[in-house]
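Fold and geometry: a report
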Amino acid sequence: MKVSFFPGCSLEGTAREYGESIDSVCRGLGIELEELKDWTCCGASSAHSTNEFLSIALPARNLARAERMKQDLITPCAACFSRLRTTAEALTGSKKQGVKIPFNNDISVLHILEFLLKNEFTEKIQEKIKKPLTGLKAVSYYGCLLARPPKITKEEHWEDPKGLDALMTRLGAESIYWPYKTECCGGSLVLTNLEIEHRLVGRILDMAVEAEADCIVTACPLCQSNIDTREEEIGAARGMTYDLPIFYFTELMGLAFGSKDTDTWFKRHIIDPRPLLQSKGLM
Amino acid sequence: MNASNEHKDNPVGAVMVVGAGIGGIQASLDLAESGFRVYLVDEESAIGGSMAQLDKTFPTNDCSMCIISPKLVEVGRHLNIDILSYAEIEKLEGSAGNFTVQVKQKPRFVDLDKCTGCGDCAEVCPVEIQNEFDAGLINRKAVYKRYPQAIPNAFAIDKRGTSPCKDACPAGIHVQGYVALIAQSKFKEALALIRKNNPLPAICGRICTHPCETACTRGKIDEPVNIMGLKRFVTDWEYGQEEPEIPSVEEQRDEKIGIVGSGPAGLSAAFYLALEGYQVTVFEALPEPGGMLRWGIPDYRLPGSILDKDIQYIQKLGVEIITDTLIGPGHSIDALFKEGFKAVFLSVGAQKSMRLKIAGEDLQGVVHGVDYLKEINAGKDLPLGDRVAVIGGGNVAIDVVRTALRKGSKEAFIIYRRSRNEMPALDEEIIEAEEEGVKINYLMAPQRIIGIDGRVSGMECIRMELGEPDESGRQRPVPIEGSQITIDVDSVVPAIGQSIDLSFLPEKQDWNISARGNLTVDPVTFATSVPRVFAGGDMISGPATVVEAVGAGREAAISISRFLNGFDLSEGRGTKLPVAEFNPGEITKEPRRNPLKTPFSERIKSFQEVQQALTEEKSIAEAKRCLDCGVCSECLQCVEACLAKAVYHDMLEKQITVNVGSIILAPGFSLTDPNIREEYGYKHYQNVVTSLEFERILSASGPYQGHVKRPSDLTDPERIAWIQCAGSRDISYGKGYCSSVCCMYATKEAIIAKEHAAQVKPTIFYMDIRAHGKGFDTYYERARDEYGVRYIRCQVSKIVERPKSKNLMITYISEENKVVEEEFDLIILSMGMSPSLNSRMLADKLDIALDHYGFCQTDPLQPTATSRPGIYVCGAFEAPKDIPETVSQASGASAAASEIVAEARGTLVRTEKFPPERDIAGEDPKIGVFVCHCGINIGGIVDVPAVKEYARTLPGVSYVDENLYTCSQDTQTKMKEIIQEHGLNRVVVASCSPRTHEPLFQATIREAGLNRYLFEMANIRDQCSWVHMDKKNEATEKAKDLVRMAVASAGFLVPLQEQTLPVNKKALVIGGGASGATSALGLANQGFDVLLLEKEKQLGGNLHLLHYTIDNTDVQTYMHSLIEQVRINPSIQVILDGVIVDTTGFKGNFKTGIMSGPGMAYRQIEHGVTIIATGGEEYKPKEYLYGEDKRVVTQQELEEIIAFKRFDLRNTKTVVMIQCVGSRNDEHPYCSRLCCSAAIKNALKIKALDPEINIYILYRDIRTYGLLEDYYTKARGAGIIFIRYDLERKPEVSIEQGALKISVYDPALGEQVNMHVQLLVLSTAIIPRENDELSTLMKLQRTREGFFLEAHMKLRPVDFATDGIFLCGLAHSPKPLPESLSQAAAAVSRACTLLSHDSITVGGMVAVVDQEKCAACLNCVRVCPYNVPFINENSVAQIDAAQCQGCGSCTAECPGKAIQLMQATDKQILAKAGALFDICKN
């Protein structure tokens, strides 16, 4: 099957391994991702908090292009997803927010996790698993925007989303229930208020350690990089060491599918996950 | 009431009450006591509803169970209440006054008349499921009593339906049952259960096709339970014992029955007929019995020795098997009848091999499958050569190919025309064959067998492909043109099926034979078309499975037995419960345990059995994988255990049709689903529990015996938090209403938790504390100040569990506006009330309207009437409410429901009739002692025969007996005969508790002609065998002590005479406001005369000051209509401008003096009851410049201003309202309940006049309880601003340059707010009207606030402690109009329970004064809680029997020993004590 793909800015930079693992997994599942032609910024980082018109107009442009391609639009980033969905909602009905871009809401906008959790892939994923992630204890981290607000995400369990956990279990990992699934990582304050950001990331790390998880699994390039890059300095500030690898869920899918490229993905992480995976016999 | 008049001429004197919680119970008791027959319908197995689950009740901290259980007993024993438990309304026809209701009653599987509630069944029940009464915290058995005090006091069996395994079993084996028994290591019982449906367990434990496993629900999750392996395990276990126990045959019969054929069908029929006692002979043509089991199945699957064991078991039961005897032309069926056989069962099987019908089939080297197996099983050798082709895909083909390998063929393979998917052979058989090296050629069919010299040399086959499905549903194989191949073979074994040979049947008879050549029989009874001949097995079905044949044999045996007894063959057969379907939810996966197999390298060398048995350990573990699909496993252990023979597993659903005049709905509520707020982690966090769970945790009869423990680790929690409004006051979940009770129950739970465990530090997170009921605010303040309960005003948005400690973190904003994170050990979600799904369905069936939340819609002025005439409502189904309001509304509903059928009062009631009492004067005590075994409850611990023999030695005892169950109906009859026969004049029963059983035994002796007080009871169960279970000897000694004491006391029993007094049927109602007028009208409509006394010169009271209700009902119109109705009612006499000046008498017979009119004329009236409705009034404030500045008014005054259109719209910019003026302070420490909604009502009115007017409501807690919360939400939506203030920082009102200035500290802003207003409205307290004199005159108790005090805050909200006097309205406590009206109706209902009787019986167990001894010291007068004793004209104390409640307080206090309490006289108590201590000295 073929779908449109809106990679967003991170996949070019901090989240290259996310993009590559998405490619690998989708190819394995027979999904063709067609990158949205001439895509532009989704408006997440600054537009939506500074200019209401831009916050709708920027994603609207992308949506309109996607609609012309007549296939569903998939995005890997929770922030992109939130902006695109919010805009799609906003452009439906009478209130067009002053935006004149033609968009009829004829396509679905899906986050890549939501997309891969569709029933039609369940069996295929099961078939693809060559190396179950036995012994890997993971906490699933959805962050703010993947599940909320429910009227945008249409998530049934917005306080306690379950999809990523279920996927981890299916891959053979031990998915640990923890209370911080949707806790804020402070990603949006990275540039403005490091103190709060450190506190929030620190809480998440502490809880993952207390839950005796080996790693945190994410589905958002902002969450991943925000936690991964801060572990060392937060640890140093507190006089301790955090060494929890932060995975993109597609990396773990790739690992379970027996992808040969995992090493290239993992070596780009700040907290190197390879020692952990080797100790579990998964690499 | 707006009842239809359609049936007014023919009303029915019965009422149906739906829902048997406290509301339904109260309504039922009121109605039954008022002369109506009541049908009390409840969906549970026992009555009691939610209240029975609670631990304590606020604000009195009474034990909930202790106060409800006497009511349960009363309902259970009431002659005119029929309890229909496990039932629901199915259909309703007719109209008000005359309804026909169809009720569906679930089978209980326990006969209510026989069950004694002893619980022996639950002891042996192997199935455990979550105990819903204990909120799922612990388990109960599938056979259960909802709770120990349950009424009906009987067990019930929980069945979800037939378990899929049993349903799938052609023999109908109780599969889930024997699996459950194996899980409990009850192997013998498991096997006995299997044999109830299958006498060949060892065989079926090996070669069954086990459709049960295919159906197993577990298979949908991981793998099916290894049911066959379990069956084999128990048979191997038994056959490994010395000698299996053979079941006993109850009655031997003379009838001879012949069975033709000794295969599984024949053996099965033989077994079940022999079990019935018939003389059974089996005729077998071959030299050994067993049929296909012996000749068709190789030893490596079913060893001959195992077959022999099952057959020997059957023979031991008396079945005779005659071998080498062919029934056919030589020895015909007719001949059997002539030889004296009464019936014949044919089961000759399907023996003839089907032919391939291709060329070469007669060559040497072609041998048919069954023939081959028969030869080998007979011990002969039949070499097939090196290459063997077996044709076919069934089990026979597999058996042949594997046998051939064992017999030395080098290459044996299968040729099958379809694919693996269609192959009928069992999967495991195919796998084993493949393990042994068998090759299967799929999609291939033989076309011709090639021979050389008359001997097989090869075979031509053709490849096939699958085409369209055929009639069997499988795809039809179609040959592929030109794909022929030839293979070399030494022999060919066709195994494509068997056919039936009916040539043995006598031709002259009229056999019904199908087109396919099978004998046709009735599918249920297995009767053939020839009389007295039955048939079953393969000869009927064509080649099928062993278990089908077994089932057929058993069914035929039942038919034959019925036939010989002259019963209908098919009646009641072929019906069973629907299959239990359920979603087991999240369960732990666990792999199936499979038996070990002999390694294939070894097994192909011999006929040694391939599969080995499961070990005992593995079997038990495997059995525990069962999911109990049917809940009850039908293991039938309860049937064995029940000595009263009360269990019937074949009970069916019942349809009951009853005729009633009206219906009361009291279905209660269901707890709001705690999962709607996922952020509280209810399912995932073990230490987050619901308030109901915590009630059970606190309860002494709960899962932790009342110890405060938390679920995760059963440790004692210290830091406990309550989160209020969890699922209430939350529009995002569709629960916009306030649940009304949670603030108070959380407070109570905090207090009780603290009382149970001093270390507890309770914290309650709340939005507003809603302590709006009588005595609630004081209770809340006590919790805060005396118990140290911390109240934090904050809505908690999330709970976080610490993964290791399972402690919980709450983040909240403190009063100081600081973010605080605090850790707790246990969190309780104060869940609200929701209308239950069942009540919505009920409303649908009855076609009554619901509100937008699903509560029953009512009119504020008719608070118990539903939208359908003749159907009334009470309790939490109407709106969330607590117990007293429910009880009072229940009485109100019962008044409404009985009013429309008042004419039919007494037409359908049952009355007791007793023989005359025997005069025992002058007789020496002749005491009969009956000692009860209570099944094994007492008998299993206490040596009952020894106690009985001991009782024989006691003085005065002239008869002793022991009973299995003294309370059973047959024993009661026997007891009556014994009392009469032996002339007994005192009776002692040593059994369970007088609480439940004393009235029953008293009735029994009364029926035997004895005075009911000549009875004494010794509690040797609850107080002996139950508490000393592990000390049998000591328990026996204690039982003797208890019996000795009871006998000693019984010697002093005297008959007590009860006195009958007439009832004056007139009522006096004091107070002519809304409540009093409504009461008067209600009583008049019930057919009683009323005198309505009003102090003022006009009726109406506070109604004159009310203009509109919060929902905009016009009060003035209502008032005028009410007064007019009263005025024209001929039964009501109104006295205005009158007061009471004296009163005497007691219930049924009061005399009251009244002075009235301008001249204060005196008159005395006689009446049977009194209703106090003296009302209340608005407090006139002294504070906030009231009376000093005319811009300061009360809410009542504001209402008048608005109503008379005097509101100054032009100049009013800002209005401020101050709540709690004169309420909740030192002077009036209570909440006036209606001021919050009055303020909102008036504020919304002003906003409607002009939305631009700013309105500020300064409040302490907004108490818009229940559905009133909607108006609070609406008010905030309308822009009305609410500012909270504390008692410490009250608003300040001043005049600043002529302007009215209000200054208040706003905690939300953290700043002082100043406002200039044009109108200040004070929401003032409600205080009782002057009632000092009345309370003194009538000796009525009041609260310290001056409101009248009811007999019991929870359960007797409109009764006074003095019988015959009732109260309602504001005289009771502040409340809004609808609640007053409902209470007024309640008072009517309560009054009717007295007025509807012509006479009352008084006396019995009452205090009696010996006038000679009385010194008139006044001790009794002071101590009596009911104000009964008084000093009479002879200057001695007098206690009227009609008023005495028998509590004994005066008896204990009287220094002169002048007062004796009958039935507990000093003599009796001393005798008891003496009997105990005299012996102790020895």
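The coordinates are above.
Residues numbered from 1 in each chain as written. Chains lettered and ligands numbered in written order. Predicted model: local features only at pLDDT ≥ 70, side-chain atom pairs only at ≥ 80, totals over all residues. Heavy atoms only, no water.

1. Section: the overall build of chain A
Within chain A, the secondary structure is distributed over 13 helices and eight strands. C-alpha extents for chain A along the principal axes are approximately 55 × 45 × 30 Å. Counting over 283 residues, chain A shows a buried share of 53%. The long-range share in chain A, meaning contacts at least 24 apart out of those at least 6 apart in sequence, stands at 77%. Accessible area for chain A stands at about 12200 Å²; split by element, carbon and sulfur atoms hold 52% of it. (Helix = DSSP H or I, 4+ residues; strand = E, 2+ residues; numbered from the N terminus. Buried < 20%, exposed > 50% of the residue type's maximum accessible area, 1.4 Å probe, protein only. Contact = heavy atoms within 4.5 Å. Areas by Shrake-Rupley, 256 points an atom, 1.4 Å probe, with all protein chains shown as cover.)

2. Here's the deal with the nonpolar core
Among the nonpolar cores identified, the biggest contains 96 residues, and B:Tyr178, B:Val280, B:Leu293, B:Ile333, B:Leu346 and B:Leu519 are the most heavily contacted of them. Per element, the largest residue contribution to this core is nine residues, and it comes from helix α19 (residues 546-565) of chain B. If we skip the residues at most four places from it in the chain, B:Leu293 touches B:Leu200, B:Ile203, B:Ile207, B:Pro264, B:Leu302, B:Leu307 and B:Val546. Judged by nonpolar contacts, the second largest core, of 70 residues, contains A:Leu29, A:Met168, A:Ala211 and A:Leu252. (Core = buried A, V, L, I, M, F, W, Y, C linked by side-chain atoms within 4.5 Å.)

3. A look at the sheet that holds strand β32 (residues 761-766) of chain B
All names here are of chain B. The sheet built from five strands is open, its strands ordered β30-β37-β31-β32-β33 with parallel pairing. Two strands in the sheet have a free side with no partner beyond their single neighbour: β30 (688-690) and β33 (790-793). Pairwise comparison of adjacent strand axes, ignoring direction, gives a mean angle of 25 degrees for this sheet. Strands in contact with helix α23 (residues 691-698) are β30, β31 (719-726) and β37 (826-831); relative to β30, the strand with the most contacts, it is inclined by about 90 degrees. (Pairing = 2+ DSSP bridges. Axes fitted to C-alpha atoms, helices over the stretch in contact; angles between N-to-C directions.)

4. Considering the pattern of salt bridges
Residue and element names in this part refer to chain B. Going through the model one piece at a time under the given rule, you end up with 125 salt bridges over all chains. We note a salt bridge from glutamate 885 to arginine 1233, for which the minimum N-O separation is 3.0 Å. Of this pair, glutamate 885 sits in helix α27 (residues 883-899) while arginine 1233 sits in the loop between β54 (1214-1221) and α36 (1235-1249), and the two are 348 residues apart along the sequence. The class for glutamate 885 is buried, based on a relative accessible area of 16%. Under the relative-accessibility criterion, arginine 1233 is labelled buried at 7%. When the shortest N-O distance is used, the salt bridge between arginine 1390 and aspartate 1359 registers 2.9 Å. Taken together, the positions of arginine 1390 in helix α39 (residues 1377-1395) and aspartate 1359 in the loop between α38 (1332-1337) and β62 (1365-1367) put the pair 31 residues apart, joining distant regions of the chain. Residues arginine 1390 and aspartate 1359 agree in their burial class; the two are buried. One salt-bridge network, held together by shared partners, links Arg301, Asp399, Arg402, Arg406, Glu429, Glu432, Glu435, Glu436, Lys597 and Arg603. (Salt bridge = Lys/Arg side-chain N within 4 Å of Asp/Glu carboxyl O.)

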